[in-house]
Amino acid sequence: MANYNVAVVGASGAVGEEILRVLEEIDFPLNKLVPLASSRSAGNTVEFKGKEIVIKELTETVFEEEEIDIALFSAGGSISEKFAPFAAKAGAVVIDNTSHYRMDKDVPLVVPEVNPQDIAQWQTKGIIANPNCSTIQMVQALKPLDEAYDLQRVDVSTYQATSGAGKQAMEELVTQMQAFFAFKLSDAEHKSFPHQIALNVIPQIDVFQENGYTKEEIKMVNETKKIMHKDVEVSATCVRVPVLRGHSETLTLTFDSAVDANEARTLLAKAPNIVVIDNPQASEYPMPAECIDQNETFVGRIRKDLYRDNVLHMFVVADNLRVGAATNAVRIAQKWVEMQEAK
């Protein structure tokens, strides 16, 4: 297998750091790793395989200068909009973690366990989009059940960790909890969220649209349809919760045919990168505290609806910085490499 020159754009950010960790853990076939960031972070270092690697400044020419083969972007939509075309023009495949290219008809939106075949479309623009973190873990669980029972509708409520909003948001939760224990919570600021997040839940992620749904909720609707190549009905309610890391979701799934909970449990257990934890009598089910640093999606509380034979309920949990971002991006890169090697 050939080795590849890989750039990580936003290497000093929360997702960028996780990408570096995943690349190291799986021993990705690297010839050269090039961490990139803004001029503010350039000159700092990141640790990779026991060595300190200097962060280079992200410029329009760095991809050509460094002969980059794979560029993993995780530095914000405006950065991807400006610099991803330069990476693609230099011959690199761009795997973009932001929302900027997700609904572009010429850019494949990929979850390797669900639609790996779409990676072949990368050459149109040289870009592959990484879906929203909540969408990724959900469609991983939907895929095997859709194949068995023909999925018609998804009703999902999310419980999303503060890390989904970045490092500052995580720090805000910690700072507010410290203020609470110092009896000064009323004085604590909230900048990352519209309200206090400590000891609270906020039923708003991103801005509201005219139809009453938030932008985050509409992302889940549109991305699910694009990834699954299916006009399935989706309704989402996205909620921010005072958890540092790990997104949870309750799913109510409506199928065209009757479902069997035990059979569904078996199908999910056999699906790639899904772990079933479903022993409610022993209080065993997925929780965000136990999914941190894991590359799998955890599913439990699998049960049939009390009234309808074609409706199934379940609880899905994953590390949003891993499964919902870094791990999925690296898995896309792995699949892309396999395609290059197969030529």
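Draft legend 1. Structural view of the nonpolar core. With 58 residues, the main nonpolar core has Phe63, Val154 and Met314 as its most contacted residues. Looking at this core, the element that brings in the most residues is helix α4 (residues 133-149), giving seven residues. Apart from residues lying up to four places away in sequence, Val154 is in contact with Met138, Leu142, Val232, Glu233, Val234, Ser235, Leu251, Thr252 and Leu253. Counting 34 residues, the second largest nonpolar core, distinct from the first, contains Val46, Ile95, Leu321 and Ala333.

Draft legend 2. Layout of the packing of aromatic side chains. On inspection of all chains with the given rule, the structure shows six aromatic pairs. Both rings, one in Phe63 and one in Phe73, keep their centres 5.8 Å apart while their planes meet at 20°; by these two values the pair is stacked. Remark: Phe73 occurs in strand β6 (residues 70-73) and Phe63 occurs in helix α2 (residues 62-65); sequence separation between them is 10 residues. Using a relative accessible area of 0% as the deciding quantity, one classes Phe73 as buried. Their ring planes at 65° and their centres at 5.5 Å tell us that Tyr149 and Phe255 sit as a pair that is edge-to-face. Taken together, the residues span a long stretch of sequence, with Tyr149 in helix α4 and Phe255 in strand β11 (residues 247-255) at a distance of 106 residues. Its relative accessible area of 4% is what places Tyr149 among the buried residues.

Draft legend 3. Highlighting the pattern of salt bridges. Applying the stated criterion to the full structure yields 26 salt bridges. Ionic pairing is found between Asp293 and Arg245, a salt bridge with its closest N-O pair at 3.3 Å. With Asp293 in the loop between β12 (274-276) and β13 (297-304) and Arg245 in the loop between β10 (233-240) and β11, this pair connects stretches of sequence that are 48 residues apart. The partly exposed category is assigned to Asp293, whose relative accessible area is 33%.

Draft legend 4. Structural context of the environment of Phe180. Examined against the element boundaries, Phe180 turns out to sit in helix α5 (residues 167-181). Linking Phe180 and Leu199, residues 19 residues apart in sequence, is a C-alpha distance of 9.1 Å. Setting aside its immediate chain neighbours within four residues, Phe180 contacts Leu185 and Leu199.

Draft legend 5. Representation of the side chain of Ser80 in the model. Note on placement: Ser80 falls in helix α3 (residues 77-89). Ser80 sits in the buried class, given a relative accessible area of 0%. A distance of 2.6 Å separates polar atoms of two side chains, one belonging to Ser80 and the other to Asp96. Sequence-distant contacts of Ser80, that is, excluding residues within four places in its chain, are made with Phe73, Pro85, Asp96, Thr98 and Tyr101.

Draft legend 6. How the structure looks around helix α7 (residues 261-270). For α7, the set of buried residues is Ala261, Ala264 and Leu268. With its buried residues spanning 55° around the axis, α7 presents them on a single face. The exposed set on the far side of α7, more than 90 degrees from its buried face, consists of Asn262 and Lys270. On the buried face of α7, the contacting elements are α4, β12, β13 and β14 (311-318). For α7, the N-terminal capping position is held by Asp260, with its side-chain oxygen 3.1 Å away from the main-chain nitrogen of Asn262.

Here is what the cut-offs are and how they apply
- Residues numbered from 1 in each chain as written.
- Predicted model: local features only at pLDDT ≥ 70, side-chain atom pairs only at ≥ 80, totals over all residues.
- Heavy atoms only, no water.
- Core = buried A, V, L, I, M, F, W, Y, C linked by side-chain atoms within 4.5 Å.
- Buried < 20%, exposed > 50% of the residue type's maximum accessible area, 1.4 Å probe, protein only.
- Helix = DSSP H or I, 4+ residues; strand = E, 2+ residues; numbered from the N terminus.
- Contact = heavy atoms within 4.5 Å.
- Phe/Tyr/Trp six-rings, centres within 6.5 Å; stacked < 30°, edge-to-face > 60°.
- Salt bridge = Lys/Arg side-chain N within 4 Å of Asp/Glu carboxyl O.
- Polar contact = N/O pair within 3.5 Å; in protein donor to acceptor, adjacent residues only side chain to side chain.
- Arc of directions from axis to C-beta.

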